[in-house]
Amino acid sequence: MNQSAEELNKIEKKDLFSSGHRACGGCGQALAARLVQDASGENTIACVATGCLEVFSSPYPDPAWRIPFLHSLFENASAVASGVEAAYKALKKGPVNIIAQGGDGSTADIGFQSISGMFERGHNVLYVCYDNEAYMNTGVQRSSFTPFGARTTTTPMGNTTRKKNLPLIAADHGIPYVATATVDDFRDLQRKVKTALSIEGPKYIHILAPCPLGWGHHGELTVQICRLAKDTGLFPVYEIIDGKVTNARKIRVKVPVEEYLKLQGRFSHLFKKGGSPETIAEIQKIANHNIERFNL
Amino acid sequence: MLKQIEGSYAVAETVAKCRPNVISAYPITPQTHIVEELASIVGRGDLDAEYVNVESEFSAASVVLGASAAGARAYSATTSQGLLLMSEVIYCIAGMRLPIVFTIANRAISAPLSIWNDQQDSMALRDAGWIQLHAEDNQEAADLHIQAFKIAEETHLPVMVCMDGFILTHAFEPVDVPGQKEVDSFLPPFRPTNIVDPRWPRGIGLFADPRFYMETRYILHRAMEKSEATIKKVSGDFAKAFGRDSGGFIKTYKLKDADVVVISMGSLVGTIKDLIDQLEEEGKKVGLLQICSYRPFPRKEIYNTLKDKMNIVVVEKSISLGRGGILASDVRWSFPRAEKKDRNISSFIAGLGGRNITKNDLRYMVEKVEKEPVELEFLGLKKELISEKDL
Amino acid sequence: MAAAELLSIAAFKDGKFSQAFPSFGAERVGAPVMAFVRIDDKKIRTREDVQNPDYLIVQDSNLIGSVPVLDGLKPDGLILINSEKKPEELQLKTTAKVETIPATEIALEIIGRPIPNAIMIGAFCTITGLVSLDAVQEAIMGKFPGRVGENNVAALERAREIMQKR
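Residues numbered from 1 in each chain as written. Chains lettered and ligands numbered in written order. Predicted model: local features only at pLDDT ≥ 70, side-chain atom pairs only at ≥ 80, totals over all residues.

Looking now at the overall build of chain C. A count of helical and extended segments in chain C gives seven helices and five strands. Helices and strands appear in chain C in the N-to-C order α-β-β-β-α-β-α-β-α-α-α-α. In terms of overall dimensions, chain C has a C-alpha envelope of 40 × 40 × 35 Å along the principal axes. Here chain C holds 166 residues, and the buried ones make up 38% of them. Counted over contacts in chain C with a minimum sequence separation of 6, partners at least 24 positions apart contribute 43%. (Helix = DSSP H or I, 4+ residues; strand = E, 2+ residues; numbered from the N terminus. Buried ≥ 20, exposed ≤ 12 C-beta atoms within 10 Å, placed from the backbone. Contact = placed C-beta atoms within 7 Å.)

To continue, consider the interface of chain B and chain C. On the chain C side, the residues contacting the 20 residues of chain B number 17 residues. Put simply, the parts of the chain that give the side of chain B that touches chain C at least two residues each are strand S8 (172–176) and helix H10 (268–281) of chain B. The dominant element in the side of chain B that touches chain C, judged by the number of residues it contributes, is H10 of chain B, at five residues.

Residues and elements named next belong to chain B. Orientation of H10 relative to helix H13 (residues 359–371), taken along the N-to-C sense of each, is 65°, at an axis distance of 10 Å. Here the hand of the crossing between H10 and H13 comes out right-handed. Residues Thr271, Ile272, Asp274, Leu275, Gln278 and Leu279 of H10 pack against Lys359, Leu362, Arg363 and Val366 of H13. Looking at the contact of H10 with H13, its residues break down into five nonpolar, two polar and three charged. (Axes fitted to C-alpha atoms, helices over the stretch in contact; angles between N-to-C directions. Left-handed = near helix turned anticlockwise from the far one by under 90°. Nonpolar A, V, L, I, M, F, W, Y, C, P; charged D, E, K, R; others polar.)

Let us look at helix H12 (residues 326–334) of chain B. Of the residues making up H12 of chain B, those classed as buried are Ile326, Leu327, Ala328, Asp330, Val331 and Ser334 of chain B. Where the residues of H12 of chain B are buried, they touch helix H6 (120–124), strand S10 (260–264), helix H11 (299–306), strand S13 (311–316) and strand S14 (344–349) of chain B.

Residues and elements named next belong to chain B. The strand order across the open sheet formed by six strands is S9-S11-S10-S13-S14-S15, and the pairing between neighbours is mixed. Only two strands of the sheet have a single neighbouring strand rather than two, namely strand S9 (250–253) and strand S15 (377–378). Sheet topology places S10 next to S13; three bridges connect them, and they run parallel. Note that in S13 the partner of Ile263 across the bridge is Val314. Along the sheet face, H12 touches S10, S13 and S14 and points at about 150° away from the line of S13. (Pairing = 2+ DSSP bridges.)

Bringing unusual backbone geometry into the picture now. Omega for the bond connecting Thr29 of chain B with Pro30 of chain B falls within 30 degrees of zero, at 0°, which places this linkage in the cis form. Relative to the helices and strands, Pro30 of chain B is located in the loop between strand S2 (22–25) and helix H2 (32–43).

To continue, consider the pairing of strand S5 (residues 177–182) of chain A. Within a regular strand, the side chains alternate between the two sheet faces. All names here are of chain A. Counting buried residues along S5, six of its six residues qualify, which places the element largely inside the surrounding structure. Burial along S5 is two-sided: Tyr177, Ala179 and Ala181 and Val178, Thr180 and Thr182, pointing in opposite directions, are all buried. Alignment of S5 against strand S6 (residues 203–208), held across six bridges, turns out to be parallel. Directly across from Ala179, in S6, lies its bridge partner Ile205. Of the pairings in the sheet, the one linking S5 to strand S7 (residues 239–241) comprises three bridges and is antiparallel in character. Bridging across to S7, Val178 finds its partner in Ile240.

Right under this line is the structure:
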């Protein structure tokens, strides 16, 4: 399916993920989910894992979903989506866009087995990860996406592990399309969803979706925080097409990580009296490494 | 020290005082406050332990299994989906006779998704070879953890302390959280006997062919039966040391002249006691038999205590789909068929998915069984939500 | 729930038995939340939701139109609402006594954040005398040490002054 550049770059607004759901005010994930579903269109089946998205969007009797929605467990969205895809193949139905969706846990932790299997077997499924860098739904506990130094309820002294790189792990499964995106750039996000859906095989899109409650910032700062995540190098934006990194969003003016960290309550302990310049320096090293690796 | 505290925090503080060496848990509502508080306690250095943040409940159980097999006093907490996900490991832990203690913050099971309380989760694992103790209130929930480590380490059987999710975990009420010295006096350091250690090489978790497997199950079953004595002794010793009754096999309330006996377990027992007092003022005699140890099951106690009672009603927050009440089945089995008596044992299912259970609901239940026995009834069922085509 | 917690801790400090827990009836994530509190001179054993409260504390007056807040309130009960309006202006259909206090505004002024808990509980205790203000103060300082605690206590004082004048 070849779409024109015009079609790819058009911002879609179809309200397939409708308002009136129960997300917190300023939720990055709710915004991202809406953009994803609209970019995909009505011919979509959403296989959603347990998490903020599922909990705030799917309570009986008034779910927000205007497309078919299937939720099973926390850890099996990818496997469930694989099953849906297999059915469509076996019954010679379709084509249909099957989008498995989830957050940190269902992508990289409890669902890791499931997503790896889906990639490895080559199912024609798009997996969208809404990365808010912790287990937000259950109360801000750390995940393998929690960045170094961040405070969560299970890392009250600051996280001591580095963020797992799912996009690269996904790419190393040999899947045809991987992309990262942030929730503030609607056009880019939707373009990537449409591009992914036009490719046969497993696809992975990783979206940075700030959580004002969990990160400790005002909802109005979401856009700024996304920009800083990109301009510090902490969240590189790029595509990996057939194993090759392309379209990396270059940083015009590099910003020191402090500018990003100081806006968020989850890093406030680094700046308090007796703070932690070593941790900040370590975070800067991570940013520098990303900039070099992805040539930002 | 007596304080007004949330159940989860009372449990976390008490568990910390039991000096676990390794804690590993995966957050899941409504257990989260327990594991977060333990992370804080360890993080600020008030407990010297390894706190392993894992990627799923399956791994949490696996981590504590490994830790216990290596000689550490190990602890975890979970509920519902998490317990089911780790069910393979739960069976392993029992089969390996590892004295691990878990908190189960009882919660309903998906699908449909529910984060609210019932006891289907621990019920689903009742056959796995774990001791299952049910807490009536947060004081007992905290106390049972201290007893649990002692029971586990003496019997070499893992123990689940079950407390109703949200109803107990998230309730603020007065709890006397014991001090470190008192806990240390009661609970000696762990002296493991069955561990992997190069000094005494042994294999744990070997492959058993048909010539050997059966006996392992027999031994485990007998160990469960024998643990009754330990459970009772530890509860008695606890009462002497801490000055209050907690745990044990069963407890009774106003049973002596009761015409109707209600059997239940967990926090519902509190509401039942209030109703019993109310009914007493109205001239009705109703009593309660409260089950604390669900596994091993107090069959003899139930029979001996209730053999002269003719009208028994079991109310439980669980169900065996396609069969009926689980606790009710266990109670009915406690009375031998050979005994020729006209005894009614009614079964009510209540509170599934966190459905509120009022004293009025329970009063209706008592009044109904006074008139006739009830084979199986769902208490407070909303008929308006059920259409003909659903059935 | 934080207000319920505060009230239950204060009741405990007054030597009473107290139970506080969140409700899950109309609960929505990030939206209306309800909590229950029981206070008694003897141990509280029941675990039912509170369906016929003697007192109702409404922290968000917007809820009154959209959620059946008054359901079950005892006919001779008391409802305390966080609102700048006078009770008569709210035109509530109830035989219960209605009181209001602009808790959010006071909180913004004294504490600097729109968190009305201490003011609502302070006003409630002043009106009903169920729990002493000293106990509420102790509960606040126990939970929020330092300046945050002091500010909340000052807000508590203001609530007392306002309600005592009525």
